[in-house]
Amino acid sequence: MSTNSQSIEAILQADSIWFNANIITFANDRPYGTLENAYLAVKQNAIVAIGKLDSETLSCIEQSNAQCTDLQQRWISPGLIDCHTHIVYGGNRSAEFEQRLQGVSYEEIAKRGGGILSTVNATRAATHEELLESAMKRAQDLLDQGVTTFEVKSGYGLDAATEIKMLEVVKQLQHALPATIVPTFLGAHAVPPEYKGKADEYIDYLCDVLLPDIKKRELADTVDAFCETIGFSYEQVEKLFKSAQQLGMKVKLHAEQLSDQQGTQLATRYSALSVDHLEYLSNEGINALSNSETVAVLLPAAFYFLRETKLPPIQALREQQVPIALATDCNPGSSPCTSILLILNMACTLFQMTPEEALRGVTINAAKALGLLDQVGTIEVGKHADFAVWDIQQPADLSYAIGANPCVGVVHQGKLVLDKLF
């Protein structure tokens, strides 16, 4: 059977067809992988056909029993992906924001008992229902801007009861929202007050007790850590990674945000999905990334909010062809951001990325950073029918406008979950 015959058969058997569209596929050699004047056919939760709209395919679309939508030359992109968030937390840290504006550094705030530990106290005190309610609001902001997949980390509990509570909230979000949500265990986010001055003992507790319990409860398959002078050392993170891999769990790392701790080299040795932040990434770290499958995740809102001045080494990452993903890093202390579209603009204006690089950063490369590239991140036959519809003139519009939201439709797993089309 010819490719065209296969496409015709897929159209005739489709559940829904989206046509008269321009499609950002990231699956061909054109800029943005564009396919103009095109159609996309969906069966159940998968893309079954995509191609140019001609008289033959238009006739088949008219004959099909599918739900057909004429998009009137609107644009389709892969569903956007936020591959690094902390949206489940209690409390508010606007007071720390004010302190930073008065000249107090992020490190100093953390040493005073603020920073992550202030959110730990608020999260421990919050009920399951309070955490769920606030996280739902943040998640909805993401969904309204075309996000169909996002990660959520724990790490504001730092004890068994609260870390489990947070991950149970994430599981409830998975059931409640029309999105793919990936939980990550970030127990090694900070040393809890109970273990002050005893970071090694806390890592032992994570490895021996909490990590196996999280795995047994099937609350997360990925482990993250904060490798930094105010976090955990290279050796402590390596011990955690060894335990995670013995349990069959994947790893990723907050690395090189405030200093170069060689966390990137460590992460690539353990086949990490991603290393995130990277303002202080060294040439050795870049070389390690270029010889691995690990994705570099940049977090421009945190860079902006903390008023950092040292840029991640964007050009060197480009030259080494390291895949670069972007994310909101939504969290109460350093990036209270729930706008993935603002992240695109920030990546262009602050990091001098191109609009195409930025959009790749929240689609194909973000999918790779979550280990989901076989399912999402591009518009291709066989992948999940996760896509967003945009009322724009060209793809660069998504990075260009500040504060605008041109998302008029979102499809997740073949179902229309946001409809502002007409």
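Here the structure is shown first, and the text comes after it.
This one's a predicted model, so the numbers in the text were calculated from it and none came from an experiment.

J.: How would you summarise the packing of aromatic side chains if you had to cite specific residues and measurements?
T.: Following the criterion strictly, the structure yields 10 aromatic pairs and no others. Consider the rings of Phe26 and Tyr32, whose centres lie 6.3 Å apart with planes at 40°: the pair is tilted. For the pair formed by Phe26 and Tyr32, the shared burial category is buried. Considering the side-chain rings of Tyr195 and Tyr202, the 5.3 Å spacing of their centres and the 55° angle between planes classify their relative orientation as tilted. With a relative accessible area of 0%, Tyr202 lands in the buried category. Put simply, the rings of Tyr195, Tyr202, Tyr205 and Phe232 touch in pairs and so form one group of aromatic residues. Residue placement shows Arg138 over the ring face of Tyr89; its charged tip is 3.6 Å from the ring centre.

J.: Please provide a residue-by-residue account of the layout of surface pockets, values included.
T.: Its volume calculated, the largest pocket comes out at about 470 Å³. Considering the residues around the largest pocket, the lining is formed by 22 residues, among which Ala110, Lys111, Leu117, Val191 and Ile230 are closest to the centre. When contributions to the lining of the largest pocket are tallied by element, the ones reaching two or more residues are helix H4 (106–111) and helix H5 (116–125). With 3 residues, H4 is the single largest residue contributor to the lining of the largest pocket. Within this model, the second largest pocket holds a volume of roughly 220 Å³. Taken together, Lys171, Gln174, Val182, Pro183, Glu218, Leu219, Ala220, Asp221, Thr222, Lys250, Leu370 and Leu372 form the lining of the second largest pocket. When contributions to the lining of the second largest pocket are tallied by element, the ones reaching two or more residues are helix H7 (160–176) and strand E8 (180–188).

J.: Help me get a handle on the side chain of Ser399, residues and values and all.
T.: The topology assignment puts Ser399 in helix H17 (residues 397–400). The class of Ser399 is buried, set by a relative accessible area of 4%. Apart from the residues lying within four places of it in its own chain, the contact partners of Ser399 are Leu344, Asn345, Cys348, Pro355 and Ala358.

J.: How would you sum up the pattern of salt bridges? Please name residues and give values.
T.: Using the criterion set out here, one finds 15 salt bridges in the structure. Between Lys43 and Asp15 there is a salt bridge, and its shortest N-O distance comes to 3.7 Å. In this pair, Lys43 sits in strand E2 (residues 34–43) while Asp15 sits in the loop between helix H1 (3–13) and strand E1 (16–24), placing the two residues 28 residues apart along the sequence. Classification of Lys43 as partly exposed rests on a relative accessible area of 34%. Each of the salt bridges in this network shares a partner with another, and the network as a whole consists of Glu151, Lys153, Asp224 and Lys252.

J.: Account for the environment of Ala38, naming residues and giving values.
T.: Assignment of secondary structure puts Ala38 in strand E2. Taking relative accessible area as the criterion, Ala38 reaches 0% and is therefore assigned buried. Expressed as a C-alpha distance, the spacing of Ala38 and Ala188, which sit 150 residues apart in the sequence, is 47 Å.

Calculation rules
- Residues numbered from 1 in each chain as written.
- Predicted model: local features only at pLDDT ≥ 70, side-chain atom pairs only at ≥ 80, totals over all residues.
- Heavy atoms only, no water.
- Phe/Tyr/Trp six-rings, centres within 6.5 Å; stacked < 30°, edge-to-face > 60°.
- Buried < 20%, exposed > 50% of the residue type's maximum accessible area, 1.4 Å probe, protein only.
- Lys NZ or Arg CZ within 6 Å of the ring centre and 35° of its normal.
- 1 Å grid on protein atoms, 1.4 Å probe; cavity = no way out; pocket = protein on both sides within 12 Å on 5 of 7 lines; lining within 4 Å.
- Points joined across faces, edges and corners; volume = space filled by probe spheres on them.
- Helix = DSSP H or I, 4+ residues; strand = E, 2+ residues; numbered from the N terminus.
- Contact = heavy atoms within 4.5 Å.
- Salt bridge = Lys/Arg side-chain N within 4 Å of Asp/Glu carboxyl O.

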